[in-house]
Amino acid sequence: MSETFTLTPGTLALGELRRVWRQGLKLAIAPAAFPAIDASAATVQAILDQHKTAYGINTGFGSLAHTRIPDEQVAELQRRLVLSHAAGTGAPFADEIVRLIMILKINGLARGFSGIRREVIEALVTLLNAGIYPLIPSKGSVGASGDLAPLAHLSQALLGVGEVRHQGQTISAVEGLNRVGLKPMTLAAKEGLALLNGTQVSTALAVAGLLAAEDVFLAALAVGAMTTDATLGSDTPFDPRIHEVRGQVGQIEVAAALKAMMEGSPLRASHVDCDRVQDPYSLRCQPQVMGAVLDMLRHAATIIGREVNAVSDNPLVFAAEGDVLSGGNFHAEPVAMAADCLAIAVAEIGALSERRIAMLTDARFSNLPAFLVPEPGLNSGFMIAHVTAAALASENKCLAHPASVDSLPTSANQEDHVSMATHGARRVLDMADNTTGIVAIELLCAAQGIDLRRPLETSRTLRRVMDALRTKVAFWNEDREMAPDIAAAKSVIAAPLFHELTPLRAVR
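Residues numbered from 1 in each chain as written. Predicted model: local features only at pLDDT ≥ 70, side-chain atom pairs only at ≥ 80, totals over all residues. Heavy atoms only, no water.

Some remarks on the pairing of strand β6 (residues 163-166)
No. 1: By the alternation rule, side chains of β6 split into V164 and H166, which are all buried, and E163 and R165, of which none is buried.
No. 2: Sheet topology note: the strand β4 (residues 132-134)/β6 ladder contains three bridges and is antiparallel. Looking across to β6, one finds that I132 is bridged to H166.
No. 3: Bridge count between β6 and strand β7 (residues 169-172): four bridges; the pairing is antiparallel. Residue R165 lies in a different strand from β7, and its bridge partner there is T170. (Buried < 20%, exposed > 50% of the residue type's maximum accessible area, 1.4 Å probe, protein only. Helix = DSSP H or I, 4+ residues; strand = E, 2+ residues; numbered from the N terminus. Pairing = 2+ DSSP bridges.)

Below you can see the structure in the form of structure tokens.
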């Protein structure tokens, strides 16, 4: 039976979120959150009872905000809002991404500033815990006013509209509700707007991208150390004195990690007194480049970690004062800029790795057989694997263009500046997969290079990586199909091993 995580809304750390999301933990809302939720919903009802006018409760939306809706049509207003806004397109998000979106939506709504009844939030929790995920098209949000279209597709499942996924099957939303003993809901005042307004889709994509970026960052550190050993590079550039006088924190930590990984390497000891003066930058400047990447990832983690706990719908209900205030927390600019930071960082991890692959496969630089294979000429070895890495690195350069600098006005120019956070965050996952492919190819090349240096071996730490790879990929004696080896190396990177090799973290 799955473990249950008790959520205290607004306090979810990224490390906790990773565990809840990736390990499939069930969710329960801490009972201490219920009074605030109930008070918020009661405040909305009081406005209706007093026949006051408040945006999002009994008015139209966007440029139609000045249209007053009669009390008897408030429930219908919410239904029509959700259905009209379910205007997404494109391939649906993977179930795991929808799961993450739902966790974040529950966390935001349960803070008690959204004017939504407890039973609506608990219905989302029930669907989440049962693994019933609304079918959400991946395209159609500009990241303000929140992620309207994708969140409307999530919300309409509560109404029994649309489709959901359960245990790998696509079924009707009505059937999905039926499987967990729920009936289609009638939303009360403000509830439709609370459900579909907010930054949870952009933020979920940014969280997924951040975690993927950290995974490939840690792998690239170890693989970069392997390449340094395979090419008989020096660990002198990792001397802490060099980095302390510059003072860049990420650089200092990365240098220490690289030096520790290579500690005790017989390969390194074999050429301490060689006549090579300097290594290429892709080896020598790893602390400077990867340290900057680490700093960038940590900055993005700070921004994204705040947004994980944010209340980002509109208007907001402050029950203690009886106020309903319209602002702009739905504008996902912080997420958009953080995603741009991630994109740059992920592109640079891959760019540096690709350069090391080029060095490994070039006999003039590596002093290894051309393309890392016996009988070069008869065998092409890793020649085209490097071409693949170059293609992936170049694709990432295009994808790294900032999304946050773009904007197009919508809703009759009422929403005249938007963040573009959603696709800005979504592309980070594609980029992280590209970079994982590059680092996987470097892993294959570095391991091949180390094996070609036998009987000398690498360090004890890096031998763990060698062993993990060699259980899946054999030494390359002669040409064979390369793609399965790359896929196997990617699976090694996806395993927890690289988190075990160093205490460095971007996400806490």
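Here's the deal with the pattern of salt bridges
No. 1: Per the stated rule, a full pass over the model turns up 26 salt bridges.
No. 2: A salt bridge links R298 to E253; the nearest nitrogen and oxygen atoms lie 2.7 Å apart. Placement of R298 in helix α14 (residues 286-308) and of E253 in helix α11 (residues 249-262) is noted, with a sequence separation of 45 residues between them.
No. 3: A relative accessible area of 19% places R298 in the buried class.
No. 4: The closest approach of N and O atoms between R454 and D451, which form a salt bridge, is 3.1 Å.
No. 5: In this structure D451 comes out as buried when scored by relative accessible area, which is 12%.
No. 6: Sharing partners across several salt bridges, the network here consists of D451, R454, E457, R463 and R470. (Salt bridge = Lys/Arg side-chain N within 4 Å of Asp/Glu carboxyl O.)

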